[in-house]
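# Coordinate analysis (summary)
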Amino acid sequence: MKFFIDTANMDDIKKAYKMGVLNGVTTNPSLVAKEGVKFEDRIEEILLAVPDVESVSAEVTPDAITAEQMMAEADELIKINNGDKRVTIKVPMTEAGLETTRYLAKKGVKVNVTLIFTVNQALLAARAGASYVSPFLGRLDDISEDGVLLVSKIAELFRIHNIDSQIIAASVRHPDHVTRVAMAGADIATIPFKVIQQLTKHPLTDQGIEKFAADWTKAVK
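The structure contained in this document is the topic of the report that follows. (Residues numbered from 1 in each chain as written. Predicted model: local features only at pLDDT ≥ 70, side-chain atom pairs only at ≥ 80, totals over all residues. Heavy atoms only, no water.)

### Some thoughts on the overall build of the chain
Within the chain, the secondary structure is distributed over twelve helices and eight strands. For 221 residues, the compact-globule estimate of 2.2 N^0.38 gives 17 Å, and the chain sits close to it at 19 Å. C-alpha extents for the chain along the principal axes are approximately 75 × 40 × 30 Å. Here the contacts in the chain between residues at least 6 apart in sequence split such that 58% fall between residues at least 24 apart. Of the accessible surface of the chain, which amounts to about 11400 Å², a share of 53% is contributed by carbon and sulfur atoms. Computed over 26 positive and 30 negative side-chain charges, the separation of the two mean positions in the chain equals 5 Å. (Helix = DSSP H or I, 4+ residues; strand = E, 2+ residues; numbered from the N terminus. Rg over C-alpha atoms; globule rule 2.2 N^0.38 Å. Contact = heavy atoms within 4.5 Å. Areas by Shrake-Rupley, 256 points an atom, 1.4 Å probe, with all protein chains shown as cover. Lys, Arg positive; Asp, Glu negative; His and termini not counted. Charge placed at Lys NZ, Arg CZ, Asp CG, Glu CD.)

Next comes the structure, spelled out in structure tokens:
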């Protein structure tokens, strides 16, 4: 399973990239709005900061309701950084989003269909040509449904039907989510930087480092 970082904060992106585990970046208008910068400018900054990742998402705005509006926004977004092929257009799981997905897929543009909460939605998105489908497991957990089970069902369906679309486990809240979606068959987990940091930690690791340091100090005296 690959790791994407879910943020528009440049410091967090650069730190995760330096760790050598980053395969992509997901953003959305809300995340960029927190940074107080122009959306297109921040996407270009991210592309320049992580030159060898496979995908940097650029989502159509909530104001884009119709397929025509989404397509028009997407056509502008794919021009960022001189038409950088790593730009992945994010669209919501709606009829208009599916139409936009088909339009972009025919142009060779990668699409991430987001806000997926059922197996059928994931199947529709994949058949429309989505490169990525994003089930939101944390939000399902919030309403007492099993988000990881959804990821598992999508992965099994895609295996049965030999579907190439990659599953991005989104709305990941903690390290156990990461472990469980990896075992459930997710291709990617997109996670906040704080969760990436949590994945590196274990109290026994800290204790081991402290013991090695103490033993080393005794040995060199």
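### Some remarks on the packing of helix H6 (residues 95–106) against helix H7 (residues 119–128)
Two elements in contact, H6 and H7, have axes separated by 8 Å at closest approach and are oriented at 30°. The orientation of H6 with respect to H7, classified from their angle, is roughly parallel. From H6, Leu98, Thr101, Arg102 and Ala105 reach across to H7, where they touch Leu124, Ala125, Arg127 and Ala128. Here the residues of the contact of H6 with H7 are counted per class, giving five nonpolar, one polar and two charged. (Axes fitted to C-alpha atoms, helices over the stretch in contact; angles between N-to-C directions. Parallel < 35°, antiparallel > 145°, perpendicular 65-115°, else oblique. Nonpolar A, V, L, I, M, F, W, Y, C, P; charged D, E, K, R; others polar.)

### Some details on the packing of aromatic side chains
For the coordinates displayed, the defined rule picks out two aromatic pairs. Aromatic pair phenylalanine 4 and tyrosine 132: ring centres 6.1 Å apart, planes at 70°, arrangement edge-to-face. Residue phenylalanine 4 is found in strand S1 (residues 2–6), and its partner tyrosine 132 is found in strand S6 (residues 132–135); the two are separated by 128 residues along the sequence. For the pair formed by phenylalanine 4 and tyrosine 132, the shared burial category is buried. Measuring from ring centre to ring centre gives 5.9 Å for phenylalanine 117 and phenylalanine 136, while their planes differ by 55°; the resulting arrangement is tilted. Taken together, the positions of phenylalanine 117 in the loop between strand S5 (111–116) and H7 and phenylalanine 136 in the loop between S6 and helix H8 (137–142) put the pair 19 residues apart, joining distant regions of the chain. We classify phenylalanine 117 as partly exposed; its relative accessible area is 28%. A relative accessible area of 10% means that phenylalanine 136 is categorised as buried. (Phe/Tyr/Trp six-rings, centres within 6.5 Å; stacked < 30°, edge-to-face > 60°. Buried < 20%, exposed > 50% of the residue type's maximum accessible area, 1.4 Å probe, protein only.)

### Describing the packing of helix H9 (residues 147–160) against helix H10 (residues 175–184)
In the contact formed by H9 and H10, the axes pass within 8 Å of each other and the chain directions differ by 20°. With respect to their mutual orientation, H9 and H10 come out roughly parallel. Two packed elements cross with a definite hand, and for H9 against H10 that hand is right-handed. Between H9 and H10, the contacting residues are Val148, Val151, Ser152 and Ala155 on the first element and His177, Arg180, Val181 and Ala184 on the second. (Left-handed = near helix turned anticlockwise from the far one by under 90°.)

### Considering the sheet that holds S6
Spatial strand order, S1-S2-S3-S4-S5-S6-S7-S8: eight strands in a closed barrel with parallel pairing. Taking each pair of neighbouring strands and ignoring which way they run, the sheet shows an average axis angle of 25°. Sheet analysis places strand S3 (residues 55–59) next to strand S4 (residues 87–92), joined by four bridges and oriented parallel. Within S4, the residue paired with valine 56 across the bridge is valine 87. (Pairing = 2+ DSSP bridges.)

### Remarks on the nonpolar core
With 65 residues, the main nonpolar core has Ile89 and Phe158 as its most contacted residues. The element that contributes the greatest number of residues to this core is H9, accounting for seven residues. (Core = buried A, V, L, I, M, F, W, Y, C linked by side-chain atoms within 4.5 Å.)

### Digging into the pattern of salt bridges
What the rule picks out here adds up to eleven salt bridges. Across the salt bridge formed by arginine 42 and glutamate 35, the nearest N and O atoms sit 3.8 Å from each other. Residue class for glutamate 35 comes out partly exposed when judged on its relative accessible area of 28%. Residue arginine 42 pairs with glutamate 45 through a salt bridge whose shortest N-O separation is 3.1 Å. One end of the pair is arginine 42 and the other is glutamate 45, both in helix H3 (residues 39–49) and three residues apart, which spans about a single turn. What makes arginine 42 buried here is its relative accessible area of 8%. Residue classification places glutamate 45 among the partly exposed positions, given a relative accessible area of 36%. (Salt bridge = Lys/Arg side-chain N within 4 Å of Asp/Glu carboxyl O.)

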